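Listed below, chain by chain, are the residues.
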Amino acid sequence: MTFETLGLHTSILRAIADSGYTEPTSVQVQAVPAAIAGRDLLVSSQTGSGKTAAFMLPALHKFASAADSIDVSAADKTPNQERQSARSRGERPRFQAAKPKMLVLTPTRELALQVTTATEKYSAYSRKIKAVSILGGMPYPKQMQLLSRNPEILVATPGRLIDHMESGKIDFSELEILVLDEADRMLDMGFIDDIEKIVAATPETRQTMLFSATLDGVVGNMARRITKDPMIIQIAGSATKHENITQKVHFVDDLSHKNRMLDHLLRDASVDQAVVFTATKRDADTIADRLNIAGFAAAALHGDMHQGARNRTLDALRRGQVRVLVATDVAARGIDVPAITHVFNYDLPKFPEDYVHRIGRTGRAGRNGVAISLVNHAEGINVKRIERFTKQLIPVDVIEGFEPKKSAVASRSTARKPGGWKPGDARSSGTGYGNSNGNSNSNGNSSKPGQRTFSKPNSPSASSGSRSEGSGSGGGYKGSNSRFGDANGNRRSFGDR
Ligand code: AMP
């Protein structure tokens, strides 16, 4: 399959060629023709699957095709032109609300900026297509200036967008396409009311495309409410299972053991760039400081930082000036830097979905990556939850000289529940306890052969281990609803306002 066969406008094909894409990804193969045909889409796919192009290319195709048939001289004046005309007539210019044709809602500022950058790339040869980001943390005057250019495409986080809608700066009466990117995440962050309000302000005639890691539960309910006869696209495989990412767990005894192990792992020559995830913003700062003192080019990224500082840090990461980014979940969501070879979970995430998003920061654009979780013995239960969610077993690894005092078997067995994996779940994923080569890990640190604490899946001990680890009735991860901090969705971060 080629991009030409998807029927895209020549200006977009040119931009795709410049991007170096030779063939569409599977989400693009399925989504692009359906979206060009005007269908609503519900797409289950991860960041890293090429989903931005899957919704942006058909939208740009539509705008480029419409522009071909418009007499440019007869086109409406932009609000800026209207203001200039009013001034030249000696009248006081009125503020004209922006009337975008497309709105992309994203959970975080970083993802919004990334979508805007991708849009600029894909629309490099499209006449008269402007895309702007409307984000929390950005000065209002700057945003007013961007809106006054009457951009065709708005990429926004929900909170700030609502502010502009309520003050009459944006009018969605001419909106043609609405995209909800990482919809599950937006709901996790408590944006449901804002999303409902935004959707209600758009015309019924719009085309709606919703992208989410899952289409179950609350996301599925909302998706069905806001779409009409949608085409459902489920992208499984490596993008979801992250088959190109080597995952492992290292058990640690205490904080000092964890810090020593992290330093050791970061010094490995195979680490090009890395993201270290922490549970709290304060830890992100502290660990970044500690790593800098230890000689790493490290920087923190979290929601308490001003947008300008966050952008500067991400730019430095992209340019390779920052080698180790120490980040919290929300801040790091959607980061797309191909040179990130390793992700370290200094703290495990609170929710299994976040694990999937975290490890997806490496192994970008078809490369391989390594994701290592540093886990204390009491956290074995959380590893189990992640394994149940991803339906993959994460091998435990031990580095010579960094062996934990307590056996990893004991740590994991405390987490086991009655029940079991569904037949084939773990085995078909090709992973299992013990790594596949049985001795060395892929970042070059040699594990001691025979020191594996778990045996391979087809061994009797692993079978019994597997059987005892399923989603027992008590205490396990309970599906998408448990993502919400409480019944009112109070997990929302107000950092995006
Ligand atoms: P996304 O899932 O949209 O975050 O995209 C993940 C990465 O894949 C980005 O770096 C894109 O530039 C890249 N990408 C998207 N589509 C293609 C394609 N057809 N071929 C190669 N890379 C792609």
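This is a predicted model, so every value here is computed, not measured.

## Details of the overall build of the protein
No. 1: Counting its secondary structure elements, the protein contains 20 helices and 13 strands.
No. 2: The proportion of buried residues among the 497 residues of the protein is 55%.
No. 3: Long-range pairs, those at least 24 residues apart, make up 77% of the contacts in the protein between residues at least 6 apart in sequence.
No. 4: Within the structure as shown, the protein displays about 20,600 Å² of accessible surface, and the carbon and sulfur contribution to it stands at 51%.

## Points about the pairing of strand 4 (residues 153-156)
Residues in a regular strand point their side chains to alternate faces of the sheet.
No. 1: Because side chains alternate across strand 4, one face comprises the buried residues I153 and V155, and the other comprises L154 and A156, equally buried.
No. 2: Here strand 2 (residues 102-105) pairs with strand 4 via four bridges, running parallel. Across the sheet, the residue bridging to M102 is I153, located in strand 4.
No. 3: Pairing geometry for strand 3 (residues 131-134) and strand 4, over four bridges, is parallel. Paired with S133 across the strands is V155, a residue of strand 4.
No. 4: Handedness of the strand 3-helix 6 (residues 140-147)-strand 4 crossover: right-handed.

## A look at the site of the ligand
No. 1: Around the ligand sit 15 residues in total, of which Y21, G48, G50, T52 and D336 are the nearest.
No. 2: At 2.7 Å, a side-chain N or O of D336 approaches an oxygen atom of the ligand.
No. 3: The residue inventory of the shell around the ligand, partitioned by class, reads three nonpolar, seven polar and five charged.

## A word on the packing of aromatic side chains
No. 1: Following the criterion strictly, the structure yields three aromatic pairs and no others.
No. 2: Each ring, one from Y21 and one from Y122, has its centre 6.1 Å from the other, and the planes form 65 degrees; the classification is edge-to-face. Here Y122 lies in helix 5 (residues 109-122) and Y21 lies in the loop between helix 1 (10-19) and helix 2 (26-36), a separation of 101 residues in the sequence.
No. 3: Residue classification places Y21 among the partly exposed residues on the basis of a relative accessible area of 29%.
No. 4: With a relative accessible area of 4%, Y122 lands in the buried category.
No. 5: One aromatic cluster is present, formed by F3, Y21 and Y122 through successive ring pairs.
No. 6: R160 extends its terminal NZ or CZ atom over the ring of Y140, reaching a point 4.0 Å from the ring centre.
No. 7: In this structure, K258 packs its charged tip against the face of Y346, placed 4.6 Å from the ring centre.

Basis of the calculations
- Residues numbered from 1 in each chain as written.
- Predicted model: local features only at pLDDT ≥ 70, side-chain atom pairs only at ≥ 80, totals over all residues.
- Heavy atoms only, no water.
- Helix = DSSP H or I, 4+ residues; strand = E, 2+ residues; numbered from the N terminus.
- Buried < 20%, exposed > 50% of the residue type's maximum accessible area, 1.4 Å probe, protein only.
- Contact = heavy atoms within 4.5 Å.
- Areas by Shrake-Rupley, 256 points an atom, 1.4 Å probe, with all protein chains shown as cover.
- Pairing = 2+ DSSP bridges.
- Right-handed = clockwise from strand over helix to strand, strands pointing away.
- Near = heavy atom within 4 Å.
- Polar contact = N/O pair within 3.5 Å; in protein donor to acceptor, adjacent residues only side chain to side chain.
- Nonpolar A, V, L, I, M, F, W, Y, C, P; charged D, E, K, R; others polar.
- Phe/Tyr/Trp six-rings, centres within 6.5 Å; stacked < 30°, edge-to-face > 60°.
- Lys NZ or Arg CZ within 6 Å of the ring centre and 35° of its normal.

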